Every structure is written in C-alpha cells, then in structure tokens.
Amino acid sequence: MASCAECDAAIALPDDAVAGEIVTCAECGSSFELVASGGSMALKPAQSVGEDWGQ
C-alpha cells in the first residue's frame, strides 16, 4: 500500500509490481510511477506526455 500525494487516499500496489510501472489513484485519478526504494516500492508523480502533432 502507498498513499496518494494529491488526496492522501490509499493506493494498492500489485504484488508483481515493477519499477517504472504506472499506477493511478482510484479517488482522484492522479498517476504515479513506481520506483524501487530500499527493497520496497515508492511513488513519484508520473510525467505526462503531451501531443506534439509532428512539430
């Protein structure tokens, strides 16, 4: 389990979670990237990639 940095809701992490995977808070919809932290997983805000429309 981890806490959402936006709304403080609990986010259940999958048992087979790997670093780099994206998880989303069910309460507010914020996306987070899983990072390995001392044998456990931590959350950091996921980068949003916008459309560049070929520019």
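Here the structure is shown first, and the text comes after it.
Analysis parameters
Counting from 1, residues in each chain are numbered in the order their sequence is written. Residue-level local features of this predicted model are given only where pLDDT is at least 70; pairs of side-chain atoms are given and counted only at 80 or more, and the full residue set underlies all totals for whole chains, interfaces and linings. For the side-chain quantities, the full set of heavy atoms in the structure was used; hydrogens and water were omitted. Each helix corresponds to a stretch of at least 4 residues labelled H or I by DSSP, and each strand to a stretch of at least 2 residues labelled E; elements are numbered beginning at the N terminus. Three exposure classes are used, based on accessible area relative to the maximum for each residue type with a 1.4 Å probe and protein chains only: buried under 20%, partly exposed in between, and exposed over 50%. Note on definitions: a residue-residue contact is assigned when non-hydrogen atoms from the two residues lie within 4.5 Å. The salt bridge definition used is simple: a Lys or Arg side-chain nitrogen within 4 Å of an Asp or Glu carboxyl oxygen. Note on pairing: two strands pair once DSSP finds at least 2 bridges between them.

Engineer: Account for the overall build of the protein, with residues named and values stated.
Structural biologist: Looking only at helices and strands, the protein features zero helices and five strands. Each helix (α) and strand (β) of the protein, taken in turn from the N terminus, gives the series β-β-β-β-β. Relative to its full complement of 55 residues, the protein shows a buried share of 20%. Contacts in the protein between residues at least 24 apart in sequence constitute 18% of all its contacts with a sequence separation of at least 6.

Engineer: With reference to specific residues and values, describe unusual backbone geometry.
Structural biologist: With a phi angle near 70°, Asp8 is a residue other than glycine that sits in the positive phi range. Considering the arrangement of structural elements, one finds Asp8 in the loop between strand E1 (2-3) and strand E2 (10-11). Given the relative accessible area of 59%, Asp8 is considered exposed.

Engineer: Residues and numbers for the pattern of salt bridges, please.
Structural biologist: The full count for this structure, using the stated rule, is one salt bridge. Note that Glu33 and Lys44 form a salt bridge whose closest N and O atoms lie 3.9 Å from each other. Of this pair, Glu33 sits in strand E4 (residues 31-37) while Lys44 sits in strand E5 (residues 40-45), and the two are eleven residues apart along the sequence. By relative accessible area, Lys44 is classed as partly exposed at 38%.

Engineer: With reference to specific residues and values, describe the pairing of E5.
Structural biologist: Across six bridges, the pairing between E4 and E5 is antiparallel. Pairing of Glu33 across the sheet is with Lys44, part of E5. Linking E4 to E5, which pair antiparallel, is a turn of two residues; within it Gly38 sits at a positive phi near 60°.

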